[in-house]
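These are the residues of each chain, in order.
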Amino acid sequence: MSTFDPGFLWGAATSSYQIEGAVTEDGRGPSIWDTFAATPGAVRGGDTGAVAADHYHRFPGDIALMAQLGLRAYRFSLAWPRIQPTGSGPANRRGLDFYRRLTDTLLDHGIQPRPTLYHWDLPQPLEDAGGWAVRDTAERFAEYAALAHEALGDRVTHWTTLNEPWCSAFLGYATGRHAPGRREPAAAVRAAHHLLLAHSLATEAIRDADSHVGITLNLTHVDPLSTAPADLDAARRIDGMQNRLFLDPLLRGAYPDDVLADLHEVTGFGHVHDNDLKRIGAPLDHLGINYYAPMLVAGSTTPVQSAYVGSPLVRVADGGRPRTAMGWEIDESGLLELLLRLKADYPAVPLYITENGAAFDDVVEDDGVHDAYRIAYLDGHLRSCARAIDRGVPLKGYFVWSLLDNFEWSFGYGPRFGIVHVDYATQRRTPKDSARWYAEVIRRGGL
Ligand code: IFM
């Protein structure tokens, strides 16, 4: 049996736009995801987050369910447009009250609140003013962070600034598959920097003796298809764009030279001001890792359009492994490799797996949802976590993605990642077999 330290933090994660609904209630302003989802053809089936899992109204029941499962921590995100409906100016008291009630209810149930300040729902007026492609958005983010901290700092100790800035920058501004749906590679590179800057300014604004502040990145393990030079170069480039473009500034205070060179054709780096990298490289209290799948890549002789701007001659290869309903290959060894690599290449920082999980085509039967495939996925990845800890990786906790089935961005409500099934017509929650399995893992402190 793989056991974890008794202090290991067992949790589950969600995000505001994916579960809350209530998008016009209590003074919430529009976000880029409201606008994007209302754009014909942007989201599969025309789905939107307008109702989602109705968590805004059902959070007491959802928290009672978390307590039944024995969760020790809950990772959720604060919707910036609830707190600052236009992205600047004074706080909206009713928006803050919602998060006060949420955090109080969690604490009443002995569940540690772990908010993320930004999980992609940028107030629309800030996008209208240039979005993450402009520096001012980073300044606005720090002001918003300070308001959130002022209201919740007496009950929240662990803060995460951003979720997956890679997605915000490159899916939002390069491929246009995420809000705001722009296809401007140079803007995407600027957005990546302004997101990192936003992280650092917010950290400066909220860090005090009681606040631990970190960031969550979506990292992966990248392998080349072969040892051919083109394949090796493809792996270097994708590792650069997906991992090192964020890890190096945060943990070493510098952009990697090879990535700067790869991006040279896309844009210069005139948007980086003196001192930015020093601020971005200030110590982190924790680093969150979202891991879903490894990547196998190869050189391509013809240009491929992808989020990896500056590297068109790269294609994703087929590793021949089973896949989830998202089409992502299942390989828990990639998580172990990633954790060992972080330990080898970067200064030590407490790590959390802030997301890991899988969508499958669940079937609701009379007696529940028998998702043995999800249990196998989670079990494999948790075993990689245990092995990494045995080899000295400072991994402190694990959050399954996701607590509830939810709005999976441009895929709408089709993919189901939850360990709890949501019937969107009735909003009935049904714990899947994986939820019961996870509760047992938590109860035993291991597998
Ligand atoms: O649903 C998303 C989440 O919002 C961010 N990380 C990946 C998940 C699955 O795609």
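Just above, that's the structure.
These numbers were taken from a predicted model, which means no experiment stands behind them.

Trainee: So what's going on with the overall build of the chain? Residues and values would help.
Mentor: For the chain, the count of helices and strands is 15 helices and 15 strands. Compactness check: the chain gives a C-alpha radius of gyration of 21 Å against a globular reference of 22 Å for 447 residues, within 12% of the reference. Reported as C-alpha extents along the three principal axes, the dimensions of the chain are approximately 55 × 50 × 45 Å. Here the chain has roughly 16,400 Å² of accessible surface; of this, 51% comes from carbon and sulfur atoms.

Trainee: Can you tell me about the nonpolar core, naming the residues and giving the values?
Mentor: Core analysis: the biggest nonpolar cluster contains 151 residues, and Trp33, Leu78, Tyr118, Trp132, Phe141 and Phe170 have the highest contact counts within it. The leading source of residues in this core is helix α9 (residues 185-206), at 12 residues.

Trainee: Can you explain helix α3 (residues 55-69)? Please cite residues and give values.
Mentor: End to end, α3 covers just 17 Å across 15 residues, shorter than the expected 21 Å (1.5 Å per residue, more than 12% under). By the largest-angle criterion, glycine 61 marks the main kink of α3, which is about 40°. Taken together, the buried positions of α3 are His55, Tyr56, Phe59, Asp62, Ile63, Leu65, Met66 and Leu69. Downstream of α3 by a residue or two, glycine 70 has a phi angle that is positive, lying close to 85°.

Trainee: Please give an account of the site of the ligand that cites residues and values.
Mentor: Around the ligand, the neighbouring residues are Gln18, His119, Trp120, Asn163, Glu164, Tyr292, Trp328, Glu355, Trp401, Glu408, Trp409 and Phe417. Within the side chain of glutamate 355, a nitrogen or oxygen atom sits 2.5 Å from a nitrogen atom of the ligand. The contact in question runs from an oxygen atom of the ligand to an N or O atom on the side chain of tryptophan 401, over 3.4 Å. When the free accessible area of the ligand is taken as 280 Å², the share hidden by the protein chains comes to 95%.

Trainee: Please set out the sheet that holds strand β9 (residues 314-316) residue by residue, giving values where relevant.
Mentor: Reading across from one edge, β6-β8-β9 is the order of the 3 strands in this open sheet, with mixed pairing throughout. Each end of this open sheet is capped by a strand with a single partner; those strands are β6 (222-224) and β9. Within this sheet the neighbouring strands show an average axis-to-axis angle of 35°, counted without direction. Across 3 bridges, the pairing between strand β8 (residues 295-299) and β9 is antiparallel. Across the sheet, residue alanine 298 finds its bridge partner in β9, namely arginine 315. The strands touched by helix α10 (residues 229-252) within the sheet are β6, β8 and β9, with β8 carrying the most contacts at an inclination of about 130°.

Trainee: Give me the lowdown on the pairing of strand β2 (residues 73-77), citing residues and values where you can.
Mentor: Burial within β2 is extensive, with 5 of its 5 residues counted as buried. Residue alternation in β2 divides its side chains into two sets, Ala73, Arg75 and Ser77 and Tyr74 and Phe76, and both sets are buried. Bridge count between strand β1 (residues 9-13) and β2: 3 bridges; the pairing is parallel. By the bridge assignment for β2, alanine 13 is matched with arginine 75. As judged from the 5 bridges shared by β2 and strand β3 (residues 112-118), these two strands associate in the parallel manner. Looking across to β3, one finds that tyrosine 74 is bridged to proline 113.

Trainee: An account of the packing of helix α8 (residues 165-175) against α9 is requested, with residue identities and associated values reported.
Mentor: Running from N to C, α8 and α9 point in directions that differ by 160°, and their axes come no closer than 8 Å. With respect to each other, α8 and α9 are oriented roughly antiparallel. Relative to α9, the crossing made by α8 is right-handed. Residues Pro165, Ser168, Ala169, Phe170, Tyr173 and Ala174 of α8 touch α9, and the partners they reach there are Pro185, Ala187, Ala188, Val189, Ala191, Ala192 and Leu195. The class makeup of the residues in the contact of α8 with α9 is 12 nonpolar, 1 polar and no charged.

Trainee: Give a detailed account of the sheet that holds β1, specifying residues and quantitative values.
Mentor: Spatially, the 8 strands close up into a barrel ordered β1-β2-β3-β4-β5-β7-β10-β13, and their pairing is parallel. Going across the sheet, the axis of each strand differs from the next one's by a mean of 25°, ignoring polarity. Pairing analysis gives 4 bridges linking strand β4 (residues 158-163) to strand β5 (residues 212-218), with the strands arranged parallel. Its bridge partner being in β5, histidine 158 is matched across the sheet by histidine 212. Across the sheet, helix α13 (residues 333-345) is in contact with β7 (286-290), β10 (351-355) and β13 (395-401); its angle to β10 comes to roughly 145°.

Trainee: Break down the pattern of salt bridges for me, citing the residues and quoting the values.
Mentor: Here the structure, examined in full by the defined rule, presents 40 salt bridges. Between arginine 429 and aspartate 62 there is a salt bridge; the shortest N-O distance is 2.9 Å. Pair noted here: arginine 429 is in strand β15 (residues 428-431) and aspartate 62 is in helix α3, with a separation of 367 residues, a long-range link. Like arginine 429, the residue aspartate 62 is buried in the burial classification. Salt-bridge contacts for aspartate 371 lead to arginine 374; the nearest nitrogen and oxygen are separated by 2.8 Å.

Trainee: With reference to specific residues and values, describe the packing of aromatic side chains.
Mentor: According to the stated counting rule, one finds 34 aromatic pairs in the structure shown. Three or more aromatic residues link up through ring pairs in this structure, and these residues are Tyr17, Trp33, Phe36, Trp120, Phe407, Trp409, Tyr413 and Tyr424. Stacked on the ring of phenylalanine 98, the Lys or Arg arginine 82 has its end atom at 5.9 Å from the ring centre. In this structure, arginine 114 packs its charged tip against the face of tyrosine 352, placed 4.5 Å from the ring centre.

Here is what the cut-offs are and how they apply
Residues numbered from 1 in each chain as written. Predicted model: local features only at pLDDT ≥ 70, side-chain atom pairs only at ≥ 80, totals over all residues. Heavy atoms only, no water. Helix = DSSP H or I, 4+ residues; strand = E, 2+ residues; numbered from the N terminus. Rg over C-alpha atoms; globule rule 2.2 N^0.38 Å. Areas by Shrake-Rupley, 256 points an atom, 1.4 Å probe, with all protein chains shown as cover. Core = buried A, V, L, I, M, F, W, Y, C linked by side-chain atoms within 4.5 Å. Buried < 20%, exposed > 50% of the residue type's maximum accessible area, 1.4 Å probe, protein only. Expected span 1.5 Å × (residues − 1). Bend = angle between axes of the 7 residues up to and from the residue. Near = heavy atom within 4 Å. Polar contact = N/O pair within 3.5 Å; in protein donor to acceptor, adjacent residues only side chain to side chain. Pairing = 2+ DSSP bridges. Axes fitted to C-alpha atoms, helices over the stretch in contact; angles between N-to-C directions. Contact = heavy atoms within 4.5 Å. Parallel < 35°, antiparallel > 145°, perpendicular 65-115°, else oblique. Left-handed = near helix turned anticlockwise from the far one by under 90°. Nonpolar A, V, L, I, M, F, W, Y, C, P; charged D, E, K, R; others polar. Salt bridge = Lys/Arg side-chain N within 4 Å of Asp/Glu carboxyl O. Phe/Tyr/Trp six-rings, centres within 6.5 Å; stacked < 30°, edge-to-face > 60°. Lys NZ or Arg CZ within 6 Å of the ring centre and 35° of its normal.

Take it as geometry only, folks, not as evidence of what the structure does.
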